[in-house]
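Fold and geometry: a report
Residue-level listing of the chains:
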2 protein chains.
Amino acid sequence: MGRPKSYSRDAVVEKAMSVFWQNGYKATSVSDIVRETGLNTASMYKEFGDKEGLFSEALHHYRDHIIGPRYRILIDNPNMSGVEMFLRNVFLGAAKKEYKGCLMMNHLAQKNVIGPDAVKQVGAFCAEIESLVETALFNAQSDGEIGPEKDVAQLASFIVFCVHGTVLYGRHDEKKHMIPKFYDMIMQELRS
Amino acid sequence: MGRPKSYSRDAVVEKAMSVFWQNGYKATSVSDIVRETGLNTASMYKEFGDKEGLFSEALHHYRDHIIGPRYRILIDNPNMSGVEMFLRNVFLGAAKKEYKGCLMMNHLAQKNVIGPDAVKQVGAFCAEIESLVETALFNAQSDGEIGPEKDVAQLASFIVFCVHGTVLYGRHDEKKHMIPKFYDMIMQELRS
DNA sequence: GTTTTTTTAAAATAAATGTTTTAAAACGTT
DNA sequence: AACGTTTTAAAACATTTATTTTAAAAAAAC
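To keep things clear, this report deals only with the structure shown in the data block. (Residues numbered from 1 in each chain as written. Chains lettered and ligands numbered in written order. Predicted model: local features only at pLDDT ≥ 70, side-chain atom pairs only at ≥ 80, totals over all residues. Heavy atoms only, no water.)

1. As for the state of the cysteines
In plain terms, the rule: Disulfide assignment relies on a single distance test, namely cysteine sulfur atoms paired within 2.5 Å.
For the structure shown, the criterion picks out 0 disulfides over all chains. Left without a disulfide partner, C102(A) is nearest to the cysteine sulfur of C126(A), which lies 7.2 Å away.

If you want it as structure tokens, here you go:
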């Protein structure tokens, strides 16, 4: 049934994700993408509809393959030790990341530049991760691992902010020394 | 001699800075700028040469009017109390900022998108503020206000990272609760 | 081997964007 | 009021960018 594709959809999406991650949506042209991925322009439109469709796939890929696995540990362990493992993993992993920041968070302030679908996707993602952390903290509170007087929702957003806004967003990756400090700070805050 | 300008250069630069700050260099078109500033296209090219020239002026304005005054306190007091006043000022001021992040830091990872002059400007700015903090910390060390065993250069970059990467970069401005926490964390780190 | 289906390469189109030009309007100077 | 200079408005131009079209190439199905 027809000529087979000469490209791998997954490989294209992954490469496109890298480019979008590196430059941002608006600063990435379709030409950039076809150059970097080797994908043919027509094939790109056939496969993804338009530039935003590909960006949307890139966001999915990011969620499923880059950030998702990091949160997996928190899904499997929605409790204090899950939070601790999650943070240790993220804070240590931050040093070896290729690109800077969180692809989603990087586009959070660009609602007028990325399309409405992407805006929704980013919003849903933020709500999702915050909820994950919140649930784990809530359970930790039930288990008596963090004080009953703590504002769990507030702590959750604080943690998400630190993780995505600062550590994943480590533009200054040469300054790795701050990473264990943030880890200590958060754990101290949780335990105090 | 000749028709006087109907615009104020300063007002134009300030408005342009806002737009660049809000959208980023690449996602801001010259049309956006002339619409927002009311400046005539030809006047813009006469006055600033090209888009990058205007961006460069915007960076200068940001440095001189937005960030500069924040660091003034550190220039006038290159010592421990200067650091403390500076941090308090920045951390409290962060809540009321109109736009998100540091205009310079926002473009740090966009070396291929902004022109070479702007890249230099951003680099110089980063070196400059780091040096300011470092000098103050060095003096604080001489004064015996922070321990002699502290790595002052490391602390300086940590502080700059926190201030610009996190607090000024407060995309999540609804989560203001973390601001005093960062302040406490840094002061505690300095004093411990 | 012909047909059928789909990909691909390259050119074509259309819109946005950066920049320049042209001529008219505005103002100070004489 | 005429002159010289500069701004301004609008159109023109060139380039980039997103998207579509066209026809040739490639492989599967019959």
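Let's pick the thread back up.
2. Considering helix α3 (residues 41–48) of chain A
For the α-helix, the turn length of 3.6 residues means that residues three or four positions removed from each other point alike. Residue and element names in this part refer to chain A. To be explicit about the condition: For every residue, the accessible area (1.4 Å probe, protein chains only) is compared with the maximum for its type, and the residue is labelled buried under 20%, exposed over 50%, or partly exposed between those bounds. Runs of H or I in DSSP of at least four residues are treated as helices and runs of E of at least two as strands, each being numbered from the N terminus. Within this analysis, the arc is defined by the directions that extend from the helix axis to the C-beta atoms. The contact criterion used is simple: two residues touch if any of their non-hydrogen atoms lie within 4.5 Å.
By the burial criterion, the buried members of α3 are M44, E47 and F48. The buried residues of α3 occupy one face: seen down the axis, they fall within an arc of 75°. Exposed side chains of α3 directed beyond 90 degrees from the buried face belong to A42 and K46. In this structure, the buried side of α3 is in contact with α1 (9–23), α2 (30–37) and α4 (51–76).

3. What about the side chain of H61(B)?
All names here are of chain B. With respect to the helices and strands, the residue H61 is situated in helix α4 (residues 51–76). Here H61 falls in the buried class, since its relative accessible area comes to 10%. In this view, H61 contacts V13, E14, M17 and I66; residues no more than four positions away in its chain are not counted.

4. Side note on the packing of α4(A) against helix α7 (residues 116–142) of chain A
Residues and elements named next belong to chain A. What counts, and what does not: Axis lines are fitted to C-alpha atoms, over the contacting stretch for helices. Their N-to-C directions set the angle, which ranges from 0 to 180 degrees. Working rule for angles: under 35 degrees goes down as roughly parallel, over 145 as roughly antiparallel, 65 to 115 as roughly perpendicular, anything else as oblique. The residue classification treats Ala, Val, Leu, Ile, Met, Phe, Trp, Tyr, Cys and Pro as nonpolar and Asp, Glu, Lys and Arg as charged. All others, Gly included, are polar.
For the pair α4 and α7, the least separation of the axes is 10 Å and the interaxial angle reads 5°. By the angle class used here, α4 and α7 are roughly parallel. Between α4, through E52, F55, S56, L59, H60, R63, I67, Y71, L74 and I75, and α7, the contact on the second element is made entirely by P116, D117, A118, Q121, V122, F125, E128, I129, L132, V133 and A136. Residues of the contact of α4 with α7, tallied by class, amount to 14 nonpolar, 3 polar and 4 charged.

5. Section: the protein's contact with DNA strand C
Heads up, the rule is: For each residue, the test is whether any non-hydrogen atom lies within 4 Å of the molecule or strand; if one does, the residue is near. N or O atoms within 3.5 Å of each other form a polar contact, as long as, within protein, one can give a hydrogen and the other can take it, and as long as residues adjacent in sequence are counted only when both atoms are side-chain atoms.
What surrounds DNA strand C is a group of 24 residues, the closest being S6(A), S43(A), V30(B), Y45(B) and K51(B). Counting only the atoms of DNA strand C within 4 Å of the protein, the fraction contributed by sugar and phosphate is 72%. In this structure, a phosphate oxygen belonging to DNA strand C sits 2.7 Å away from a side-chain N or O atom of S43(A). Measuring from a phosphate oxygen of DNA strand C, one finds a backbone N or O atom of V30(B) at 2.6 Å. Put simply, the parts of the chain that give the surface near DNA strand C at least two residues each are α3 of chain A together with α3 (41–48) of chain B.

6. Describing the pattern of salt bridges
What counts is decided by this rule: Salt-bridge detection follows one rule: a side-chain nitrogen of Lys or Arg within 4 Å of a carboxyl oxygen of Asp or Glu.
Taken as a whole, this structure holds 19 salt bridges over all chains when the rule is applied. Across the pair E47(A) and K5(A) runs a salt bridge whose closest N-O atoms are separated by 3.0 Å. Taken together, the positions of E47(A) in helix α3 and K5(A) in the segment before α1 put the pair 42 residues apart, joining distant regions of the chain. Taking relative accessible area as the criterion, K5(A) reaches 55% and is therefore assigned exposed. One salt bridge connects K15(B) with E36(B), and the closest N-O pair in it is separated by 4.0 Å. Here K15(B), found in helix α1 (residues 9–23), pairs with E36(B), found in helix α2 (residues 30–37); they are 21 residues apart in sequence, far enough to count as distant.

7. Description of the environment of L74(A)
Residue and element names in this part refer to chain A. Structurally, L74 can be placed in helix α4. Put simply, L74 and T135 are 61 residues apart on the chain and 9.3 Å apart in space, counted from C-alpha to C-alpha. Among all residues touching L74, those that are not within four sequence positions of it are G82, V83, F86, L132, V133 and A136.

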